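Working through the structure, step by step
Each chain, letter by letter, is given below.
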Amino acid sequence: MILYKIIIANIFFFTILFGEDRIAITTKIIGKAYYVRGNNSELPVTKGHIFENGDILTTSKGGFVALLYIDDKTALKVKENSKLTISGKRAAKSIAKEIKLDRGTLRAIVKKQNQNDFIIRTPVSVASVKGTDFWLISNKTNDSIIGLEGKIAFLNILSGETVDITIGKTGISSSEGSLQSFKTDPSTIPEDLSVDINGDQILEIEFENASGKKKTLIIKYK
Amino acid sequence: MIKKIISRPQVIIISFLFFLCNLYGQTRLIHHTPPPYGVIGQELKLVALSFEVIEPIDATLYYRLPGSKSFLEIPFKNSGINWEASLPGFSLTAEGLEYIIAFQFSRDRLVSFPREDPFNNPYYLTTVPPKGQKKIGMFNNLYSEDILILSPEPNELVNQESVLIATSFFNTDKVDFSTVQLFLDDLEVTNSVLIEEGILTYDPGILTIGIHSIQILMKDIDGESIIPLKWDFIVGTERIEILDLVTYNGRLNSRLSSEKLGRTSLNIAEVIGDFSVDVQWAKLNTDLRLTSRESPYSQPNNRLGTAFSIGGFLDVNMGDFYPQLSRFTIDGKRVRGLGIDADLKWLKVQFINGELNRAVQEKAGVNGGYNILYDLTTPNEDGSKTYYLDRTGFSFKRKITGLRLSTDLFSKLNMGVHLVKTRDDTTSVNRILDNAKFYSDTLVQNIPVSNYTLEEFKNALLLSGDTLLAPNSHWKGQKPKDNLILGFNIGTVLDNQKLTLDFDWNMSLYNRNIWDGVMSISELDTAIDDSLDGYIGLTYDGDGKEISGSTKIKTSDILIDPENIQSLFIMNTNMTPLVPIDLTALSSNPISSIINMPSSAFKIKLRGNYSRNSLLVEYQQIGPEYVSLGNPFLRNNTRQFTISDRISLLDQKLFLNIGFKHLDNKILKTTVSPLNTNTLFMNLTFLLGLNMPTFVFNYQSIGKNNEKTSLDSVGSKTIDFREDSKAANTMFSVSIPFTSGSLKQNFTLNTVNINNLDNLIKKRSESYLFPKTDSKTISMTLSSLFPSQLKTVALISQTRLDIPSRLGNQLIKIPYIWTHLSLSANKQILEEKIKAKGSLSFLNSKSQINSKVLGLRAGFDFRIQENLTASITSQVRFNYRPSFNKDKLDNDGDGQIDNSGEVFDMNSLGIILNIQYNF
């Protein structure tokens, strides 16, 4: 029995010793999403799942994942058909955050970073921010970044060109090295499945009378 | 403020000094009135007054937390009458504070408050909480704000099924996790809580609709209670946004250009538009291009296509679209017709039906529809002549139909079959053009030299006694074609989706002339031999005996009657291949016979992604008789083997791409002088990061040889067709962003070198001319962004070619050097409503003829409204050729020698207008 406990304790010790830092937690999931940790096989992402440094997240068609970094609540909202690697080096007071987006669409609401920038890399571009809100859409041929708040430094890694994307601007970085920015067309902004669009909140309260008839009271408030 | 910590031995020494001072007469006092209390967390100023005549040498405030052994010290500042020092806010805690004031005078005299043994009996100051804060009592108020509420947010509305309670203790290390208690609506649920590495999570399941409260109680590592964390949230139904039933957007762009290049003018008007309508369950996209280049004498330049998507499982394309079935069939070539793409999860269906080319009746101008072929003029017995008039300038309508069925089983195995049929419609071209004009010259005797229509020419020949042969089919020029491709593909994913293996095989049947239509079985009998004997290919000697070794295929063994399948493919003697497979080798070596079918094309590809490596191993073979009219750019009679690896290093900052490719045309054993091309390539890209330099280095070594070892005889001459050469292609590029004051700049340097080497140079004759050209290019660009938003780009580049040539018996290399300088700029003006842009360029060309070209370009972009923009750009270029000045030649063909027009003239001139409207 004692030997058994020693073995279990050692397993936990080595797990802690060799396990990666835990850096973010899933707060919402719609549809199907999977993660791969190290050399393990793909497992489904569930509500409350905690991501470790280096985990690879993949969302299926119709899938959506919202996750928060545990040091400052920087939010990532990952839409369907996306694949990314979540990285973060834990320091004493913060996590140095980096995302490698292979493909797909994500929204990043980045809190003010004290030391390192929040960096998102794609096969074509690098976006670097200190605190802002933006959408990044990456496919085989180009990346689009839509600024919602703050400023993002957007780099095309093939040509070395950079451009600052601010609120109301869209940047497009192509696999041929071109980089342009222009005014955002509102119809191109992806839908965020985790927030109410206009910020209004709704409370629905269902009543049932003695005869079983139901009525719903809807209260809209801000 | 200088703070020092006084240790215990020092305290003893100072205390002893104070004792001595008291012992030897400390007769002077300092006056200090202690404050009644200190406020926790707030700075407190202490004031002391000295009654000594002379100033103190040192005045210090010592303080500590009750129970501590050491003191911190702060010097007093002389404010004139008083001496002042401030206790920092952090020193005032709920436990109170102990402090001492000490003034040191000359001759080591010390005066203190308290007077008696101050370091053992310091003054105790009580502390009170700040106003408005609840009485803390034994609580410590430091930690709750360091705990992050991750989910749900305070007062957030969450869905019943989406509730997750989570907090992060990342920013505090003082919490004792074993003391954490979680209450949901005042009910303790601590047993179901999970705390991992400072992250607390709890899934309450489905909650009732309404307001819920969360409370977290905890203690710090010293056992002291921390202020509870409390917040509320609401469970309800999140609002489902009722979007507009129909949303639409689009763009319309109009472009007018007028350009003159040399003596050629080109005026083009174009309208491009796209339009999208979204009705939630379906989407419609339409693309349109109308251009003045559209002409009935060529393939269409106008485009109109509509794509209709339903529910993400059905896509329908009508009009112009660009289907892709596979690389060996159709891979993005425009089709005008109908395309259907259905994704039914387990089965995918792709169908295309339309035309690749439209019918074109003739080319513009004289001889656009008819052409007299003088070499086919035949003399008649009566001395007259028959002239041959051929139909020309036409293109048949080329129809295409394709079907592909594929399936993806469990994301592990994918398979598909496809069929693509392409055929020219011989009825789409008019046999007779009544109004087409053609030229008759003096080779047609007895009628005037002039342009004629068909009727006019017939009548003229009739009058002269000659005849005309103008066939209605089987014209000498382009022939109608037919093409059928069958194929399949299979692929699998291995090793946890890291390895993919794909195999794609296709076979083509191609008929290069279907004028004669399909041949019957009896016609097939005599296709290869001349005997109608029930055998294909069987030949006889002069005595009627079978020649051994000749092909002998029984017509009765042919399973397919060509006449029965003529709607699918027209089989006749113009078919390639006549027999798709080598029947004699099939029995002895069936696999090799099938794989090496001259009309087959296949590819096997292995791709792997392992630990920053992206590996590719691929073999592709396209037989010499493989034809796909849907992909005319496919190069047949090739075998290609590729192996490459792309490695990502240094956290995706360094990319290394290395590989080897072998290409040859040795599919058939009978190939004479096959050409082998071996390419070794390496690419290194180093990206240091944002606002950092970028380096790219590329090297390619291309070796070509045709395995010839001896010279060839052509007529009476001996010609050296041997090839064994190597081309080394080196490219280097560096881009450096930097800032000069308020100026943001980027400097880029590019160099490209191509060197060719003849490996047989020692075996060549002295008169042999190695025809390959070496080249060197260097360019530098400096782009700048000024604070006033002016952007400039300055470029300087030089390209040098050394073209081999012969001067008499001497081999020489003629240098061609182009030096290019340019400066361009653009700036936003008038509150960014207008963008002004311009550029100046200079090109100096040094070769056998020296010339210079000066170019100017200027334009404006206007933002008229939010959705409406316009732009205008004009450009002009001038030639300057000083070598034409006194060469005594009429270089421009204007009848004048050495005039100014030869030396200086306008090279090109143009203006472009553009208007775009977004809606």
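What this report covers is the structure whose coordinates are included nearby. (Residues numbered from 1 in each chain as written. Chains lettered and ligands numbered in written order. Predicted model: local features only at pLDDT ≥ 70, side-chain atom pairs only at ≥ 80, totals over all residues. Heavy atoms only, no water.)

1. Some words on the sheet that holds strand S7 (residues 77–78) of chain B
All names here are of chain B. Basically, it comes down to this: When DSSP finds two or more bridges between a pair of strands, those strands are recorded as paired. Only DSSP runs of H or I reaching four residues or more are called helices, and only runs of E reaching two or more are called strands; each is numbered from the N terminus.
Across the sheet, four strands lie side by side as S2-S4-S8-S7; this open sheet has antiparallel pairing. With partners counted over all chains shown, the strands left at the sheet margins are strand S2 (30–31) and S7, one partner each. The pairing of S7 with strand S8 (residues 83–87) spans two bridges and is classified as antiparallel. Opposite Lys 77, over in S8, you have Glu 84 as the bridge partner.

2. Here's the deal with the pairing of strand S9 (residues 97–105) of chain B
Residues and elements named next belong to chain B. The condition is simple: The cut-offs for exposure are 20% and 50% of the maximum accessible area for each residue type, with area from a 1.4 Å probe on protein chains only; residues under the lower value are buried, those over the upper are exposed, and the others partly exposed.
With eight of its nine residues buried, S9 lies for the most part within the structure. Here strand S5 (residues 58–64) pairs with S9 via seven bridges, running antiparallel. Bridge assignment links Leu 61 to a residue of S9, and that residue is Ile 101. When S9 meets strand S11 (residues 123–125), the two strands line up antiparallel, connected through three bridges. Among the inter-strand pairings, Tyr 99 is bridged to a residue of S11, identified as Tyr 123. In the sheet, S9 pairs with strand S10 (residues 109–113) via five bridges, with the strands oriented antiparallel. Counted as the bridge partner of Ile 101 is Phe 113 from S10.

3. Here's the deal with the side chain of His 418 of chain B
Residue and element names in this part refer to chain B. Note the following rule: Residue contacts are defined here by distance: any two heavy atoms, one from each residue, within 4.5 Å place the two residues in contact.
You can see His 418 is positioned in strand S33 (residues 413–425). On the accessibility criterion, His 418 (5% relative accessible area) is buried. With near-sequence residues (within four places) excluded, His 418 lies in contact with Ser 326, Thr 329, Leu 403, Arg 404, Ile 485, Leu 486, Gly 487, Phe 488, Asp 504 and Asn 506.

4. With respect to empty space enclosed by the protein
To find leftover empty space, one rolls a probe the size of a water molecule over the atoms. We apply this condition: Buriedness for pockets is judged along seven lines, at least five of which must meet protein on both sides within 12 Å for an open set on the 1 Å grid over protein atoms alone, while cavities are sets there where a 1.4 Å probe fits but cannot get out, and lining residues have an atom within 4 Å of a point. Grid points are joined across faces, edges and corners, and a volume is the space filled by probe spheres set on the points. Amino acids are sorted into nonpolar (Ala, Val, Leu, Ile, Met, Phe, Trp, Tyr, Cys and Pro), charged (Asp, Glu, Lys and Arg) and polar (every other residue, Gly among them).
Taken as a whole, this structure holds three cavities of 30 Å³ or more when the rule is applied. What the largest cavity holds in volume is close to 60 Å³. Residue lining of the largest cavity: Arg 121, Val 126, Leu 155 and Ile 157 of chain A together with Gln 652, Lys 653, Leu 687, Leu 688, Gly 689 and Thr 694 of chain B, and that is the complete set. Residue composition of the lining of the largest cavity, grouped by class: five nonpolar, three polar and two charged.

5. Observations concerning the nonpolar core
Test applied: The nonpolar core is taken to be a set of buried Ala, Val, Leu, Ile, Met, Phe, Trp, Tyr and Cys residues, with the residues joined through side-chain atoms within 4.5 Å.
Residues Leu 57, Leu 106 and Ile 120 of chain A are the most contacted members of the largest nonpolar core, which totals 42 residues. In terms of residues, this core owes the most to one element, strand S9 (residues 95–110) of chain A, which gives six residues. Ile 120 of chain A has contacts with Ile 99, Leu 101, Leu 106, Ala 108, Ser 125, Val 126, Ala 127, Phe 134 and Leu 136 of chain A, leaving out every residue within four places of it along the chain. Within the second largest apolar cluster, 23 residues are counted, among which are Leu 184, Leu 207, Ile 226 and Trp 231 of chain B.

6. Regarding the interface of chain B and chain A
Heads up, the rule is: Put simply, buried area is how much 1.4 Å-probe accessible surface two parts lose in total, over both of them, once they are put together. Counted as salt bridges are all cases of a side-chain nitrogen of Lys or Arg within 4 Å of a carboxyl oxygen of Asp or Glu.
At the junction of the two partners, chain B supplies 43 residues and chain A supplies 48 residues. Note on chain B versus chain A: buried area summed over both sides is about 3800 Å², and carbon and sulfur give 51% of it. There are five salt bridges connecting chain B and chain A. Where Arg 22 of chain A meets Glu 196 of chain B, a salt bridge forms, and the shortest distance between an N and an O atom there is 2.5 Å.

As far as function goes, none of this settles anything; it's purely spatial.
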